[in-house]
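# Observations on the three-dimensional arrangement
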Amino acid sequence: MTRLLEAVLNGVSLGSLYSLIALGFVIIFRATGVMNFAHSSFLLAGAYVTAAVSAKSGFLVGLLAGVVTAAAIGAFTQLVILRFSKDKSHLGLSVLSLGVNILAVTEITRRIGDNTLPLHDPWQASVWRFAGITVPVSRVAALAVAAALLAGFLLLFRFTRWGLALRVSAADREVAALVGVPMGRVSWTSWAIGGAMAALAGMFLAAFPAPGVEPSLTNSAMRAFPAAVLGGLDSIPGALVGGLAIGIAESLTATYEGHLGGFGSGASGLVAYVVLFAVLLLRPDGLFGTKVVSRV
Amino acid sequence: MTDLRQPLAPRQQTPAAGGPPELELSGVSVCFGGVNAVSQVSFSVTRGSIHALIGPNGAGKSSCFNAITGVYRLAEGRVAHRGERIDQLRAARIARRGIARTFQNLVLPESLTVAECMRVARHHRTHAGFLATGLGLPRARREERSDRAVIERSAELAGVADILDERVGPLPYGVRKRVEFARALCAEPSVLMLDEPVAGINDTESAQMAHAVRRARDEAGLTVLLVEHDMNFVMTLADRITVLQSGQVIADAAPEEVRADPAVIAAYLGDDVEEAARD
Amino acid sequence: MSEPTRRRLPGRGQVLTLGLLAVAVATPFYVGPFWLQVGLTAMAYAVAAIGLAIQVGIAGQLSLAHAVFMGSGAYLYAFLAGTSTGQVTGLGWPTWLAAPGAILLTALLGAVCSPISARLRGLYLGVASLGLVFIANHVMQRFSALTGGPGGREVPALRLGPLDFSDDTTWVIANVPFQQAEKLWMLGLAVLAGAYLIARRMAAGRGGLALHMMRDNEIAAAAMGISVWRHKAAAFVIAAVYGATGGVLLALLTGWVVPESFGFDASVNLLIMVVIGGLGSIRGAIPGAIFVSALPLLIARQAQSIPLISGTGDSILGPGTLSTFLYAGLFIVTIMFASGGLDRLVALAVGGPRPQRRIAGGLPGRYAQEG
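Attention in this report is confined to the structure presented alongside it. (Residues numbered from 1 in each chain as written. Chains lettered and ligands numbered in written order. Predicted model: local features only at pLDDT ≥ 70, side-chain atom pairs only at ≥ 80, totals over all residues. Heavy atoms only, no water.)

### Focus on the overall build of chain C
- The helix and strand inventory of chain C stands at 15 helices and 6 strands.
- Split into buried and exposed, the 371 residues of chain C put 58% on the buried side.
- For chain C, the share of sequence-separated contacts (at least 6 apart) that also reach a separation of at least 24 residues comes to 75%. (Helix = DSSP H or I, 4+ residues; strand = E, 2+ residues; numbered from the N terminus. Buried < 20%, exposed > 50% of the residue type's maximum accessible area, 1.4 Å probe, protein only. Contact = heavy atoms within 4.5 Å.)

Below is the structure:
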């Protein structure tokens, strides 16, 4: 029973991180219609810079540097790469972001090499024990920070001009532009915010259970894609639900892997996609995604 | 069910009498998130006639079109083709019954040639699968040749025979509208649905299109249902007109009657219909 | 293309093609093992890339799982034709049966997976296909009895009747000894040529036009009687067949199959090949495949003479990394500025009234402009 509880708690914490990544992904999609395959590279870049800078200047500075770097890469990708592309179709730009991903991940992987870069985070491997349950502090911090950010974002989305612009741009780009919504600004700020969120989530993912930043971090990042899609690519609540669903499913699978026999080891990495397939089979637009009604 | 694959024998000018109407809408309603785009619309299209659907902007004409062709689902009512219900079929199945349509937005892939665009419409009239085409089997080649014959005939009727091997992208708008028309003809349909066939083109081209539509109806015995704003075009061509306003039918009669109908005139606020009435 | 009344490529194109073919056939008589390996690798990937060009370029279905089909073809061939040892099981089929068997079974796999593409919009498929990649990778790593696990398994050499495509026998043709590499070269060339011709005909014919229309506007395609889900599924199956064929060729040339060759990176590489070649161009997929597969091998060979690589210290660029930068860079440049890709260059060389039909950069209509 304690095992189950721990697994669920871990899952919620992990899920909140996935939600954060997925949310960034969804914001980018809503603002610009692009499926950002470079998202995992933003995450890796942020985590890498955090590790590199915190080695010299301490954790907080490192974290700030990481978040800013990832935000900058996001903004740059939108402002330069996507903006100046002749092929502006959603398919073309999404594929383009894949190219950016390859470049960025290859470069950062080259720099990391065979090492695992420690993060110098304040939680390390410390744990809390209560009611017989053991929870890593870093996971609790992750949940707290993610929840705060998600809440903060929802407030922004609901109550600010920027949030309104984001909602309008998703609905109808032409109208939004005509009404004076600063499309350019909404676009690159969305990418920057997406990058920033990814970097923060990346830091937490690298902090625990991994001993630090390794290139395989991108695999974890990529599991947020199914989270975003299964919730509905243009749905904010969908990203939250999707992330949590995948986080919990993954945590449970990891805990009870042994019961799945030889096939089970490592299955936790797959369960995100299994859940995705299951959802898409029943709801091809995701749980909360808007069905596309095209005008002919 | 009649085999719609056989080319229809040429019909007389006047619409045929007897038998179920070619198309019949009964109490059709289409809803978008609580708003009724179309409300309890009923009218029928006689086989072999040219039937126009007109009305001010937002009247629900396009929604009717899309409801008939299976793009929109009905909130209530039914659509029948030759007495058989079609409103629950998927769009592709409806098309295979011999109902072809053009699109306001001209669905012509830019990098294809005119002939290739038209050939796409032949899809449900032919059968060669990927393997047969890939291996160049005789059946595939045969279909290609017969497709070409139909394409050339339709192109000639629409006036695009000399540009069959040109890419569609660079062609002027008026020419592309004719290609779109020719494309629909290639399907050898029994019902031809034209969505604003002369919108955005000049008077000469409109007249040519009217001529082509009439010729198509006369030579192939098609039934034509069209949506249009151009009153001259409609008045010259239509055997019968249904007028929509705010999603409802306000008139459904021969052109002369519609012209004089006060409700119709009011709906249009006078201008276009009165002008046409004065001719 | 296929207008019956208007025939033939212009003369220049035909001459160039024949010339290229002649050079290709003559190559094994003159070059050494390294170049044969480069060429064979390129051929295998070119066949696979053609399938992806049809699925992504013409049908507009973004698949990031193409390498899974290559892997399926390769592993199934190894399993069907292989013998059971202590480590792995095999069915011991004759290779002339195992090869098409592997391809057919993969086609079945494609058909089974096709509902995914049928139900999803183009972009969603991209993420769903990621799932296929990771699940397939998991299977390749774990089902050691069939796949040999992370270490992989051996691939039996091909034997077509009296023709033995291994090093066991040496054919002597025009005074040149033909061993496995040379023999596979001829086989690969024949397979590539056949695959290409079939693909071109499919693309220009009824099915290809339907895919093209479907990519542009699904609703309009349905209005023309085209069954959208069936065509998306067909694109998947075609991709599976081509991928598997390429996979079998790859397996034959390397003699051993491992999971790494068929993972996410490989799938992305295949996508890069297709994009560099010109999205939507079947003809372009071939130079695209040659570029991406040959580059790392060439750079590795010339490692000494390239200053970036031969340096010492932490910032060495391995040949793999350098080539990745190069073709990822080319990939980005192609999409941004030259979506005609390498096919545009080929078209210029071949001349003629217009370039080979390909998707004119981007989707019109509903898919509005973006930035």
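### Here's the deal with the nonpolar core
- If you look at the biggest cluster of nonpolar residues, it comprises 269 residues, and the most contacted ones within it are Val213 of chain A, Phe181 of chain B together with Tyr77 of chain C.
- Not counting residues up to four positions away in its chain, the partners in contact with Phe181 of chain B are Thr102, Leu157, Ala158, Leu192, Leu194, Met209, Ala212, Val213 and Ala216 of chain B.
- Counting 26 residues, the second largest nonpolar core, distinct from the first, contains Val41, Tyr72, Ile99 and Met193 of chain B. (Core = buried A, V, L, I, M, F, W, Y, C linked by side-chain atoms within 4.5 Å.)

### Looking at the pattern of salt bridges
- Tallied over the entire structure, the rule returns 24 salt bridges over all chains.
- We note a salt bridge from Arg159 of chain C to Asp164 of chain C, for which the minimum N-O separation is 3.4 Å.
- Using a relative accessible area of 5% as the deciding quantity, one classes Asp164 of chain C as buried.
- Taken together, the salt bridges that share partners define one network made up of Arg119, Arg122, Asp147, Arg153 and Glu188 of chain B. (Salt bridge = Lys/Arg side-chain N within 4 Å of Asp/Glu carboxyl O.)

### With respect to helix 3 (residues 66–81) of chain C
- The end-to-end C-alpha separation of helix 3 of chain C is 23 Å, in line with the 22 Å expected for 16 residues at 1.5 Å each.
- Counting buried positions over the 16 residues of helix 3 of chain C gives 15, a clear majority of the element. (Expected span 1.5 Å × (residues − 1).)

### A word on a nonpolar patch on the surface
- Residues Phe76, Leu79, Val80, Phe84 and Trp188 of chain A together with Val333 and Phe337 of chain C make up a contiguous nonpolar surface patch of about 630 Å² in total accessible area.
- Going through the elements one at a time, helix 3 (59–82) of chain A together with helix 14 (319–337) of chain C are the ones with two or more residues in the nonpolar patch.
- For the nonpolar patch, the element with the most residues is helix 3 of chain A, which contributes 3 residues.
- Here Phe337 of chain C is to be found in helix 14. (Patch = residues over 30% accessible without salt bridge, like charges linked within 9 Å, V, L, I, M, F, W, Y side chains within 5 Å. Areas by Shrake-Rupley, 256 points an atom, 1.4 Å probe, with all protein chains shown as cover.)

### Description of the sheet that holds strand 7 (residues 191–195) of chain B
Residues and elements named next belong to chain B.
- As summarised here, the arrangement of the 6 strands in space is 6-7-8-3-9-10, forming an open sheet in which the pairing is mixed. Only two strands of the sheet have a single neighbouring strand rather than two, namely strand 6 (99–101) and strand 10 (248–253). Here the strands of the sheet are splayed against their neighbours by 15° on average, with no regard to which way each runs.
- Summarising the sheet, strand 6 and strand 7 pair through 3 bridges and their orientation is parallel. Looking at the pairing, Ile99 lines up with Val191 of strand 7.
- Helix 7 (residues 203–220) contacts strand 3 (50–54), strand 7 and strand 8 (223–227) of the sheet and is inclined by roughly 135° relative to strand 3. (Pairing = 2+ DSSP bridges. Axes fitted to C-alpha atoms, helices over the stretch in contact; angles between N-to-C directions.)

### Notes on the packing of aromatic side chains
- For the structure shown, the criterion picks out 13 aromatic pairs over all chains.
- Measuring from centroid to centroid gives 5.2 Å for Phe34 of chain C and Trp35 of chain C, while their planes differ by 75°, and the two rings are edge-to-face.
- Its guanidinium or amino end placed over the ring of Phe103 of chain B, Arg101 of chain B lies 4.2 Å from that ring's centre, counting from NZ or CZ. (Phe/Tyr/Trp six-rings, centres within 6.5 Å; stacked < 30°, edge-to-face > 60°. Lys NZ or Arg CZ within 6 Å of the ring centre and 35° of its normal.)

### What about the interface of chain A and chain C?
- Between chain A and chain C, the contact holds 59 residues from the first and 49 residues from the second.
- Carbon and sulfur atoms supply 75% of the area buried between chain A and chain C, which totals about 4,800 Å² over both sides.
- For the interface between chain A and chain C, the tally reads 2 residue pairs in polar contact (both at pLDDT 80 or more).
- Of all the elements in the fold, those that place two or more residues in the side of chain A that touches chain C are helix 1 (2–32), helix 3, helix 4 (90–112), helix 9 (217–222), helix 10 (224–231) and helix 12 (268–282) of chain A.
- Take the side of chain A that touches chain C: its biggest share by element is 15 residues, from helix 4 of chain A.
- Tallied by class, residues from the side of chain A that touches chain C come to 34 nonpolar, 18 polar and 7 charged. (Buried area = accessible area lost by both parts, 1.4 Å probe. Polar contact = N/O pair within 3.5 Å; in protein donor to acceptor, adjacent residues only side chain to side chain. Nonpolar A, V, L, I, M, F, W, Y, C, P; charged D, E, K, R; others polar.)

### Some words on the packing of helix 11 (residues 264–277) of chain C against helix 12 (residues 282–301) of chain C
Residue and element names in this part refer to chain C.
- Closest axis-to-axis distance for the helix 11/helix 12 pair is 7 Å, and the angle between their directions is 130°. Looking at the two axes, helix 11 sits oblique to helix 12. Of the two possible hands of crossing, helix 11 and helix 12 adopt the one that is right-handed. For the pair formed by helix 11 and helix 12, the contact residues are Asn269, Ile272, Met273, Ile276 and Gly277 on the first element and Gly284, Ala285, Gly288, Ala289, Phe291 and Val292 on the second.
- Looking at side-chain class alone, the contact of helix 11 with helix 12 contains 7 nonpolar, 4 polar and no charged residues. (Parallel < 35°, antiparallel > 145°, perpendicular 65-115°, else oblique. Left-handed = near helix turned anticlockwise from the far one by under 90°.)

### Quick look at the state of the cysteines
Residue and element names in this part refer to chain B.
- In this structure the tally under the stated criterion is 0 disulfides over all chains.
- Just so you know, Cys64 is unpaired, no disulfide at all, and the nearest cysteine sulfur is the one on Cys31, 13 Å from it.
- Looking at the unpaired Cys117, the closest cysteine sulfur is the one in Cys186, lying at 10 Å.
- Look at Cys117 and you get buried, because its relative accessible area is 1%. (Disulfide = S-S within 2.5 Å.)

### Some remarks on the sheet that holds strand 4 (residues 76–81) of chain B
Residue and element names in this part refer to chain B.
- Read across the sheet, 4 strands follow the order 2-1-4-5 without closing on themselves; strand pairing throughout is antiparallel. What marks the edges here is a single partner per strand, and that holds for strand 2 (35–45) and strand 5 (84–85).
- Strand direction decides the pairing type here: strand 4 and strand 5, joined by 2 bridges, are antiparallel. Counterpart to His81 in the pairing with strand 5 is Glu84.
- Running at roughly 115° to strand 1 (residues 23–32), helix 1 (residues 61–68) makes contact with strand 1, strand 2 and strand 4 of the sheet.

### Focus: unusual backbone geometry
- Even without being a glycine, His120 of chain A presents a positive backbone phi close to 55°.
- Along the polypeptide, His120 of chain A turns up in the loop between helix 4 and strand 1 (127–130).
- Using a relative accessible area of 37% as the deciding quantity, one classes His120 of chain A as partly exposed.
- A positive phi angle, near 50°, is found at Ser246 of chain B, a position not held by glycine.
- Residue position: Ser246 of chain B is located in the loop between strand 9 (240–245) and strand 10.

### A closer look at helix 1 (residues 11–30) of chain C
Residues and elements named next belong to chain C.
- The first and last C-alpha atoms of helix 1 sit 29 Å apart over 20 residues, in line with the 28 Å expected at 1.5 Å per residue.
- The set of residues buried in helix 1 consists of Gly13, Ala24, Thr27 and Pro28.
- In this structure, the buried residues of helix 1 make contact with helix 2 (33–58), strand 5 (176–178), helix 7 (180–204) and helix 15 (341–350).

### A look at the side chain of Ser293 of chain C
Residue and element names in this part refer to chain C.
- As for its position among the elements, Ser293 is in helix 12.
- Of the residues examined, Ser293 reaches a relative accessible area of 9% and is grouped as buried.
- Within the local environment of Ser293, its side chain forms a polar contact with the backbone oxygen of Ala289, the two atoms lying 2.6 Å apart.
- In contact with Ser293, other than residues within four places in its own chain, are Thr41, Ala42 and Tyr45.

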